[in-house]
Amino acid sequence: MRTITLLAIVISMSTLAAPQKLPAPLAITDPKLISSKPNANVEQNQQSLSIERLFMTRSVGASTWSPDGRSIAFVSNISGRNNIWLVPATGGWPMQLTVSDQRQTSPTWSPDGKWIAYVTQPDPKLAIYGTHHIGVSPAGGGEARILTRALDRMSTEPRFSPDGKFIYFIADDDGTQNLCRVPAAGGEINRPIAGRLMLYSYSVAKSGEVAALITTPDRPSEIFTLPDGKLTRITHVNDAFISQVKLTTPEYVKFKSKDGTAVSGYLYKPLDYVPGKKYPAILRPHGGPVWAYYAEFTHLAQLFAANDSAVLYPTPRVSTGRGHESANDTAADRGQQDCGQPLRQVP
């Protein structure tokens, strides 16, 4: 076996040592000289595609069937903005359900087919910085309403309760994602699943029971349900892992920015941390420009902490989970107010 192995190595080395013929350099093409023959199937009144015409195309996406199977709600920018449209399942020209400069996505039907809930961004000037809300509109057309303005947090993934009286959604709030619920007619918002945790996704059964995929800073993702309103973990796929490793639980810390605005982040202390002892520290700002660090299990931070380092995951004011005013303060001002905030969190 050793002889065979050595022979293979010698052969490989001799092959590598053989002279290599380099490919000829590629010719540089002048874009102005690129042309194509006219398509023989193009009608006389049709024109060739230009850059200007390329951006006249319209997108279609995020579609969902009506409960009776007769219509499909979808998102399209036919009118120039991403609004909600309806098209008969048999085909035909669609009807525009929401008419506004807002951007909408994620349409979902009420069980009786009379209403459509969706995610909307009411302030087009803020673009990606703007807070997303849950809106609802009559499926037959009519006045649309935004249900989550009072909450003022990024809201996504709307779903009706089986009786159609409530709309569930995920709220991005101060480094967490919680499951919220609002009356479909508008009203007080409550949180069936709340706390310093990260709820990635959820589903609602016909019985009204909720199942959710949740992680916390000290445990990877598991499936939870809500029997009698009590959050209960029903999967245990990470029990063996948790029993074999020593982990650190991060602290959610807050600091003041130079103008007094509170900013926050997750601080992972080294395992067996000793107060007063100096440790190397790692500052890891998140990308973006929008997003946040959340109350989720973070493998890399645990690895650093296990190797005697402190790690700070800062969430400056440009991050999601802070509401409209924060988004408005930093829109089109990237690198100014938010740039120095992570560094101010390091003593």
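Use the structure listed above.
Throughout what follows, the structure given in this document is the object of discussion. (Residues numbered from 1 in each chain as written. Predicted model: local features only at pLDDT ≥ 70, side-chain atom pairs only at ≥ 80, totals over all residues. Heavy atoms only, no water.)

A few words now on the nonpolar core. Membership of the largest hydrophobic core comes to 13 residues, with the highest contact counts inside it found for F160, I167 and F169. Here this core takes three residues from strand β10 (residues 166-172), the largest share from any one element. If near-sequence neighbours (up to four positions away) are discounted, F160 is found in contact with T108, W109, S110, P111, W115, A117, V136, F166, I167 and A184. Core analysis: the second largest hydrophobic core is formed by twelve residues, I170, Y202, V210 and L226 among them. (Core = buried A, V, L, I, M, F, W, Y, C linked by side-chain atoms within 4.5 Å. Buried < 20%, exposed > 50% of the residue type's maximum accessible area, 1.4 Å probe, protein only. Helix = DSSP H or I, 4+ residues; strand = E, 2+ residues; numbered from the N terminus. Contact = heavy atoms within 4.5 Å.)

So, about helix α4 (residues 299-306). If you check which residues of α4 are buried, you get A301, Q302 and A305. Down the axis, α4 shows its buried residues gathered within 100 degrees of arc, on one side only. On its buried face, α4 is in contact with β18 (262-268) and β20 (310-315). Where α4 ends, the next residue or the one after it, D308, has phi of about 65 degrees, a positive value. (Arc of directions from axis to C-beta.)

With five of seven residues buried, strand β15 (residues 219-225) lies mostly within the body of the structure. Two elements, strand β14 (residues 210-216) and β15, share five bridges in a ladder whose sense is antiparallel. Bridge pairing links A212 to F224 in β15. Count of turn residues in the β14/β15 antiparallel hairpin: two residues. In the sheet, β15 pairs with strand β16 (residues 232-233) via two bridges, with the strands oriented antiparallel. (Pairing = 2+ DSSP bridges.)

What follows concerns the packing of aromatic side chains. Given two aromatic rings, one states the distance between the centres and the angle between the planes to describe the pair. The full count for this structure, using the stated rule, is six aromatic pairs. Ring centres of Y168 and Y202 lie 6.5 Å apart, and the angle between their planes is 50 degrees; on these two criteria the pair is classed as tilted. Placement of Y168 in strand β10 and of Y202 in strand β13 (residues 198-204) is noted, with a sequence separation of 34 residues between them. Judged by its relative accessible area of 7%, Y168 is buried. Both rings, one in Y252 and one in Y266, keep their centres 4.6 Å apart while their planes meet at 50 degrees; by these two values the pair is tilted. Of this pair, Y252 sits in strand β17 (residues 251-256) while Y266 sits in strand β18, and the two are 14 residues apart along the sequence. Each member of the pair, Y252 together with Y266, is buried. Grouping aromatic residues by their ring pairs yields a cluster made of Y268, Y293 and Y313. (Phe/Tyr/Trp six-rings, centres within 6.5 Å; stacked < 30°, edge-to-face > 60°.)

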